[in-house]
Amino acid sequence: MSVVHLTDIEQLMEQVVAYHPEADTSLIRRAYDYSVKAHEGQMRQTGEPYVQHPLAVAGILTFMKLDVPAIAAGLLHDTLEDTVATQEELEKEFGADVARLVDGVTKIGQIPFKSYEEKQAENFRKMVLSMADDIRVVFIKLADRLHNMQTLEGLSDEKRKKISQETVEIYAPLANRLGMSWIKQELEDLCFQYLQPEACALLKLRLAKKDEERQAYIQSLIQIAQKALAEEGLPGQIDGRPKHLFSIYQKMERRSVSFDEIYDLTAIRIVTDSKMNCYAVLGLVHSIWPPVPGRVKDYVATPRANLYQSLHTTVVGPQGEYVEFQIRTAEMHRINEYGVAAHWLYKEPRKAGGGDAEVFGWLRQFVEWHKDLSDNRQFMDSVKLDLFHDVVFVFTPKGEVREVPVGATPIDLAYAIHTEIGDHCVGAKINGKLVPLRYQLHSGDMAEILTSPAQVPHRGWLKFVRTSKAKTKIKHWFKVEEQKRAVELGRRLLEQEFQRQHLAAELSLHSEQLAALAKKKGCETVDELIRMVGFGRLAPDQVVEHFKGVSELSSSPVDKNEVVVPPFKSPGFFKDGPVTYGGTNNVLMQLSKCCKPVPGEPIRGYITRGRGLTIHSTDCPNFQSLEWEHNRLVEVEWDADVTGPHAVDVSVLTLDRPGVLAKVSSGISQCKANITKAEITTREDQKAVLDFVIEVKDTAHLELILQEIQRVDGILSAKRIRGWASTVRSDGNS
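Residues numbered from 1 in each chain as written. Predicted model: local features only at pLDDT ≥ 70, side-chain atom pairs only at ≥ 80, totals over all residues. Heavy atoms only, no water.

Participant: Please clarify how the overall build of the protein chain should be interpreted in this entry.
Facilitator: When its secondary structure is counted, the protein chain shows 27 helices and 21 strands. Burial statistics for the protein chain: of 734 residues in total, 49% are counted as buried. Long-range contacts, defined here as pairs at least 24 residues apart, represent 64% of the contacts in the protein chain between residues at least 6 apart. Carbon and sulfur atoms provide 50% of the accessible area of the protein chain, an area that totals close to 35,800 Å². (Helix = DSSP H or I, 4+ residues; strand = E, 2+ residues; numbered from the N terminus. Buried < 20%, exposed > 50% of the residue type's maximum accessible area, 1.4 Å probe, protein only. Contact = heavy atoms within 4.5 Å. Areas by Shrake-Rupley, 256 points an atom, 1.4 Å probe, with all protein chains shown as cover.)

Participant: What exactly am I supposed to notice about the environment of N431 here?
Facilitator: Within the fold, N431 resides in the loop between β8 (425-430) and β9 (433-435). In the structure, N431 is positioned 13 residues away from G444 in sequence and 9.1 Å away in space, judged by C-alpha atoms.

Participant: Would you take a moment to explain the confidence of the model for the protein chain for this structure?
Facilitator: The predicted coordinates ought not to be read in detail in places where the model reports low pLDDT. Chain-level statistics for the protein chain give a pLDDT mean of 77 and a share of 75% at 70 or above. Within the protein chain, the element-level pLDDT minimum falls on strand β11 (residues 563-564), averaging 36, and the maximum on helix α14 (residues 275-288), averaging 95. Below a pLDDT of 50 lies the segment residues 108-121, which in the model reaches 31 contacts outside its immediate sequence neighbourhood of four places, other chains included. Note on residues 582-586: pLDDT under 50 across the span, and 17 contacts to partners over four residues away in sequence or across chains. (pLDDT = per-residue confidence, 0-100.)

Participant: Looking at this structure, how should I read the sheet that holds β8?
Facilitator: Backbone hydrogen bonds are what pair the strands of a sheet, in a parallel or an antiparallel way. A sheet is described by the order of its strands in space; here three strands give the open sequence β9-β8-β10, paired in antiparallel fashion. A strand with exactly one partner marks an edge of an open sheet, and here the two such strands are β9 and β10 (447-451). The average undirected angle you get between the axes of adjacent strands in this sheet is 35°. Helix-sheet contacts for helix α18 (residues 410-417) involve β8, β9 and β10, and the interaxial angle to β10 is about 80°. (Pairing = 2+ DSSP bridges. Axes fitted to C-alpha atoms, helices over the stretch in contact; angles between N-to-C directions.)

Participant: Please explain the nonpolar core as it appears in this structure.
Facilitator: Across soluble globular proteins, you tend to see nonpolar side chains buried next to one another. Judged by nonpolar contacts, the single largest core of 71 residues is most densely connected at I28, L61, M64 and I71. Here this core takes eight residues from helix α9 (residues 136-150), the largest share from any one element. In this structure I71 touches L12, V16, Y19, I28, A58, L61, T62 and L66, once residues within four positions along its chain are discounted. (Core = buried A, V, L, I, M, F, W, Y, C linked by side-chain atoms within 4.5 Å.)

Participant: Looking at this model, I keep getting lost on the pattern of salt bridges. Mind explaining?
Facilitator: Between side chains of opposite charge, a pair can form as their charged atoms come close. Under the defined criterion, the tally for this structure stands at 17 salt bridges. With a shortest N-O distance of 2.9 Å, D97 and R136 are connected by a salt bridge. Placement of the pair is D97 in helix α7 (residues 96-109) and R136 in helix α9, with a sequence separation of 39 residues. Across the pair R334 and E331 runs a salt bridge, and its minimum N-O distance is 2.7 Å. Of this pair, R334 and E331 both sit in helix α15 (residues 330-338), three residues apart, which is roughly one turn of that helix. Taken together, the salt bridges that share partners define one network made up of D67, D97, R100 and R136. (Salt bridge = Lys/Arg side-chain N within 4 Å of Asp/Glu carboxyl O.)

Participant: Help me understand unusual backbone geometry in this model?
Facilitator: With the exception of glycine, most residues fall at negative phi, and the peptide bonds are largely trans. Positive phi, normally seen in glycine, also occurs at K65, with a value near 60°. Its location among the elements puts K65 in the loop between α3 (52-63) and α4 (68-76). Look at K596: it is not a glycine, yet its phi comes out positive at around 45°. Tracing the backbone shows K596 in the loop between β13 (588-591) and β14 (603-608).

Participant: Sorry if this is basic, but what is going on with the side chain of N277 here?
Facilitator: Take N277: it is sitting in helix α14. We classify N277 as buried; its relative accessible area is 16%. Once residues lying within four places of it in the same chain are set aside, the contact partners of N277 are L234, P235 and T272.

Participant: Would you take a moment to explain the sheet that holds strand β19 (residues 674-682) for this structure?
Facilitator: One open sheet holds the four strands; their spatial order is β19-β20-β18-β21, and the pairing between them is antiparallel. The sheet is open, and its two edges are formed by β19 and β21 (715-721), each paired on a single side. Across this sheet, the average inter-strand angle for adjacent strands is 20°, counted without regard to direction. Looking at chain direction, β19 and strand β20 (residues 687-696) are connected through eight bridges and run antiparallel. Within the sheet, the bridge partner assigned to A678 lies in β20 and is F692. Those strands touched by helix α27 (residues 699-710) are β18 (646-655), β20 and β21, and its axis lies near 160° from that of β21.

Participant: Explanation requested: helix α22 (residues 512-520) in the structure shown.
Facilitator: Since there are 3.6 residues in each turn of an α-helix, residues three or four apart along the chain are aligned in direction. Every buried residue of α22 is accounted for by L514, L517 and A518. All buried residues of α22 project into a common sector of 105° when viewed along the axis, lining one side. Opposite the packed face of α22, turned more than 90 degrees from it, sit the exposed residues E512, K519 and K520. (Arc of directions from axis to C-beta.)

Now the structure itself:
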């Protein structure tokens, strides 16, 4: 469907009379003359007289077959904004109806849609209400935008892209919501050529190459369908229409497929005389070509929200190609193309407050809300949710509109408002009711964020917040907080070590020697050095050694799993530790108790506050939950010279037979492994579970032990057990 651009007022009036013979064309003539005079001397960026724009807009409105006042308003739509004309003057010259329409269009044109201020939210509400009060306002605005998009060549590339982005985000979805598919499709294709010029040009070229072949293919299908309809005595007018460029591009992007993988580039439309015959034609089409499962859609029985009605089916046509058929009545087709505007055809204009609830139900709701409500949230919920499918618009108690992604939570909203509000968020009230922090916001929600000075962020928030800002702020808070705690912990550790070495702690912590040591270690401040101690990157006795001026480290009792490692013999090597680490000279190190890593399996280190390096296996869930803290992860590897034993838990499932414990214990001993603990539990199903703690050298040693256990008669399975999961299957593989 394409609009014929009118070049003079005579053509315009002829078009109006063609569909409305009794139209008062004198009003149109007077509006045109007024527009010519008001815009005298004004030129468009394209170089043509400005009056050609309102004339083109009025021409688009005649294509929509609107009434005389709407056509007159189209001719005058820019006079209030761009000339010295006033609304009072327009009302005196053309009547209240025309003046109100022009005023409504002017308000829309002045609204900045991307804003969170109360003023912008109120303006948006007024725009929707003006459309609900008289739907012709939005028809004029869409016609205005369509002609602007058709004549963007006089603008800079930056402006073209800006206008196109606004159009594809607002006006095309609005046209779709009103059921005006032809405007939606033309707007999207025009935006496509400016927003994605290379993709658009390539797509046009590929379609042109296949056009002749496609047309021949479609004509053959139409002939088959027409013959079948005639044989069955079913009325029907058949034509084929190519799908518009932007829809093809969207399908390629959505499905991540190439152009050659898009088969249904053309839809065949069959227009029949009744709803009953729509289903009869559908059955006939399916009797000729097999339907594609899941691709039959009935919008006749259940129309879309924008009044669209049609039967859709995709069939496997000749040569195995997919072809879409759309089946509808003539009335359905008219409404599908013109949408809400179809109800002005050959009729006097009707307001949204009229009696046709089925057609104007969506608009009537706005009018009723306007009477009962003083805020905007219901409007945002009903309109913007329809127009913006990927974002949610919510209201603050002050009436500000906030835009957040679909799936966002009160935490996301709190951080969108202010970092301090996010950090201290304890809960939220949505529409007056308390909700969990995991609650997903919906358009139109009135959200009140509850805060407390005592509240701080939780790591668990990272699992459900949606916005990158919220995630970044939460991580930053923990980073700053951990640095503070590391300084406090480092200071306490140094104080204890100074006291143990009989040195004045307070004096030493503020001495020039400590400042010199900080500089020597590459730290900008003393606090940074102390923080290294708190993070476990530097042992307290190393700092004290600098004060004492001795080479030997003071000995101190340590946990068997947490040792102070002597200085490196060479870079990256611990003399008596099981792990090599290319970092500072002395660190605290311990093997994680949750996964109990064994030499031979992949490991990484995590710097734990005050406890140095904690060594985890890389598949440990506890470690994986810490992986986002990249600044505290350390690359480590097993020392090849380590021969010391490592305790592992092994569980054996066996038939409950006499002597089985002795046989299993004997097998473990044969593998030169020591059992430090053994427990046996019998079950009611004549089976027993043997739990051992066994000291092994490495994963190869463990695998050998498990294989030896499974050789014992009556053993059903043998596997390694950890605190979080089993990592060795019954066949012994890890």
